[in-house]
Amino acid sequence: MTHLIDGKKWALLSREETKQACAILTQEGRQPGLTVVLVGEDPASQTYVRGKEKAATEAGMQSAIIRLEATITQDELLAVIYRLNQDPHVHGILVQLPLPKHIDDQVIIDAIAIEKDVDGFHATNVGALALGLTGFVPCTPLGIMRMLAYENISLSGKHAVVIGRSNIVGKPMAQLLLKANATVTICHSKTENLGQITRQADILISAVGKAHLVKADMVKEGAVVIDVGMNRLDGKLVGDVDFENVKEVASAITPVPGGVGPMTIAMLLHNTVQAASNVTS
Ligand code: GUN
């Protein structure tokens with residue numbers, strides 16, 4: 001019988017810890033503040049952003065969404081970021097991605113004060129992770145690591161295969177697994193013989209955004225399967241993994257929804273509390 005990894009349960013546990021830390025900071029007169037910047041009207045982004053704001057409020061944070069027109073110029077958006085960098089009540093700044101095509105994502109992200117970059121996307125935080133230094137770690141891979149730890153799944157010496165090489169998930173995921181002494185392989189859209197590689201995985205993490213990419217015959221018996229995908233298929237939310245068939249092969253698996261997603265939000269709150277507690281005045 002496969003074990004279902006309950007992301008909702010672990011996220012609640014983590015959020016409870018964050019809430020307590022937030023209450024202590026608030027008592028000390030430094031209530032953590034998170035501001036989410038949303039440019040344009042992408043429906044999926046709107047849903048994600050609302051979820052983040054609601055979670056931050058529930059944790060006892062000062063939470064705000066800045067909604068901006070899709071026609072905003074890069075310079076105008078930079079001015080918004082500079083203002084938030086200066087605001088002492090804002091400890092975490094999150095610019096929801098993707099941004100409209102005329103704006104360079106990395107220019108905007110690198111304008112965020114490093115100490116407020118709760119997404120961990122700033123080049124300095126990315127570099128810190130690669131070097132094994134302290135810094136903010138992107139929320140989705142951080143949440144996966146936390147969930148694996150809660151589940152007592154050991155990584156040292158194990159073969160971890162990550163499908164996807166995005167800056168948001170794939171690359172930082174690989175860094176974290178490496179730091180945990182796993183042997184790491186990164187696969188992507190140009191990888192040949194994908195199944196041959198994924199079948200070697202003790203831990204298989206898919207972060208591609210392609211419904212049912214990972215089939216049962218691509219998974220080793222007893223592997224741990226983590227599904228980061230959020231795809232619409234026939235009006236239903238599904239992951240990258242063909243869950244119904246893969247669960248017959250895997251020893252443990254995350255569902256979609258209710259797996260990685262809730263942990264991502266929990267880690268955003270965790271990073272924001274961290275940002276607030278890092279402030280010394
Ligand atoms: N778009 C999709 N995932 C994310 C995320 O984790 N952070 C931000 N800022 N944008 C995203």
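Residues numbered from 1 in each chain as written. Predicted model: local features only at pLDDT ≥ 70, side-chain atom pairs only at ≥ 80, totals over all residues. Heavy atoms only, no water.

1. Considerations on the overall build of the protein
On a plain count of helices and strands, the protein comes out with 10 helices and 11 strands. A compact globule built from 281 residues should have a C-alpha radius of gyration of about 19 Å, and the protein, at 19 Å, falls within 12% of that. If you line up the protein on its principal axes, its C-alpha atoms span 50 × 40 × 40 Å. Burial statistics for the protein: of 281 residues in total, 50% are counted as buried. Long-range contacts, defined as pairs at least 24 residues apart, comprise 69% of the intrachain contacts of the protein with a sequence gap of at least 6. For the protein, the exposed area adds up to about 13,500 Å²; of that, 54% sits on carbon and sulfur atoms. Taking the average location of the 25 positive side-chain charges in the protein and that of its 29 negative ones, the two points are 3 Å from each other. (Helix = DSSP H or I, 4+ residues; strand = E, 2+ residues; numbered from the N terminus. Rg over C-alpha atoms; globule rule 2.2 N^0.38 Å. Buried < 20%, exposed > 50% of the residue type's maximum accessible area, 1.4 Å probe, protein only. Contact = heavy atoms within 4.5 Å. Areas by Shrake-Rupley, 256 points an atom, 1.4 Å probe, with all protein chains shown as cover. Lys, Arg positive; Asp, Glu negative; His and termini not counted. Charge placed at Lys NZ, Arg CZ, Asp CG, Glu CD.)

2. Observations concerning helix H3 (residues 74–86)
Taking 1.5 Å per residue, 13 residues should reach 18 Å; H3 reaches 19 Å between its end C-alpha atoms and fits that length. Against the buried residues of H3 lie strand S2 (33–39), strand S3 (62–68), strand S4 (92–95) and helix H4 (105–111). (Expected span 1.5 Å × (residues − 1).)

3. Description of the nonpolar core
Core analysis: the biggest nonpolar cluster contains 50 residues, and Ile 5, Ile 144, Leu 177, Ile 205, Val 224 and Ile 226 have the highest contact counts within it. Looking at this core element by element, the count peaks at nine residues for helix H10 (residues 260–278). Filtering out sequence-adjacent residues up to four positions away, Val 224 remains in contact with Ile 5, Leu 148, Ile 153, Asp 202, Ile 203, Leu 204, Ser 251 and Ala 252. Core analysis: the second largest hydrophobic core is formed by 21 residues, Val 80, Ile 93, Val 95 and Leu 99 among them. (Core = buried A, V, L, I, M, F, W, Y, C linked by side-chain atoms within 4.5 Å.)

4. Concerning the pattern of salt bridges
Going through the model one piece at a time under the given rule, you end up with seven salt bridges. Among the salt bridges present, the one from Lys 247 reaches Glu 244, with a minimum N-O distance of 3.2 Å. By relative accessible area, Lys 247 is classed as partly exposed at 22%. Residue Glu 244 is classed as partly exposed on the basis of its relative accessible area, which comes to 49%. Across the pair Glu 248 and Lys 247 runs a salt bridge, and its minimum N-O distance is 3.2 Å. Taken together, the shared-partner salt bridges connect Arg 15, Lys 54 and Glu 58 into one network. (Salt bridge = Lys/Arg side-chain N within 4 Å of Asp/Glu carboxyl O.)

5. Let's talk about the packing of aromatic side chains
The relative placement of two aromatic rings is captured by the distance of their centres and the angle of their planes. Inspection of every chain in the model, using the stated rule, returns one aromatic pair. Here Trp 10 and Tyr 150 contribute two aromatic rings whose centre-to-centre distance is 4.7 Å and whose plane-to-plane angle is 20°, an arrangement assigned as stacked. Separated by 140 residues along the polypeptide, Trp 10 in helix H1 (residues 7–27) and Tyr 150 in helix H6 (residues 139–150) bring together distant segments of the chain. The same class applies to Trp 10 as to Tyr 150, namely buried. (Phe/Tyr/Trp six-rings, centres within 6.5 Å; stacked < 30°, edge-to-face > 60°.)

6. Observations regarding the site of the ligand
Neighbouring residues of the ligand: Lys 52, Leu 94, Val 95, Gln 96, Leu 97, Asp 119 and Phe 121. Contacts to the ligand include Val 95, whose backbone N or O atom sits 2.8 Å from a nitrogen atom. Isolated, the ligand exposes 280 Å² of accessible area, and the fraction of that covered by the protein chains is 81%. For the shell around the ligand, the class distribution of residues is four nonpolar, one polar and two charged. (Near = heavy atom within 4 Å. Polar contact = N/O pair within 3.5 Å; in protein donor to acceptor, adjacent residues only side chain to side chain. Nonpolar A, V, L, I, M, F, W, Y, C, P; charged D, E, K, R; others polar.)

7. Some thoughts on the sheet that holds S2
Taken together, three strands build an open sheet; the order of strands is S3-S2-S4 and the sheet is parallel. The outermost strands of the open sheet, each flanked by one partner alone, are S3 and S4. Each strand axis lies, on average, 15° off the axis of its neighbour in the sheet, ignoring direction. As paired elements, S2 and S4 share four bridges and run parallel to each other. Its bridge partner lying in S4, Thr 35 is registered against Ile 93. Here helix H2 (residues 43–58) sits on the sheet and contacts S2, S3 and S4; the angle it forms with S3, its principal contact strand, is near 160°. Relative to S3, H3 is tilted by about 165°, and along the sheet it contacts S2, S3 and S4. (Pairing = 2+ DSSP bridges. Axes fitted to C-alpha atoms, helices over the stretch in contact; angles between N-to-C directions.)

8. Considerations on the sheet that holds strand S6 (residues 183–187)
Within the open sheet, the six strands sit side by side as S1-S11-S8-S7-S5-S6. Their pairing is parallel. The sheet terminates laterally at strand S1 (3–4) and S6, the two strands that pair on one side only. Summarising the sheet, strand S8 (residues 224–227) and strand S11 (residues 252–253) pair through two bridges and their orientation is parallel. When the bridges of S11 are listed, Val 225 appears paired with Ile 253.

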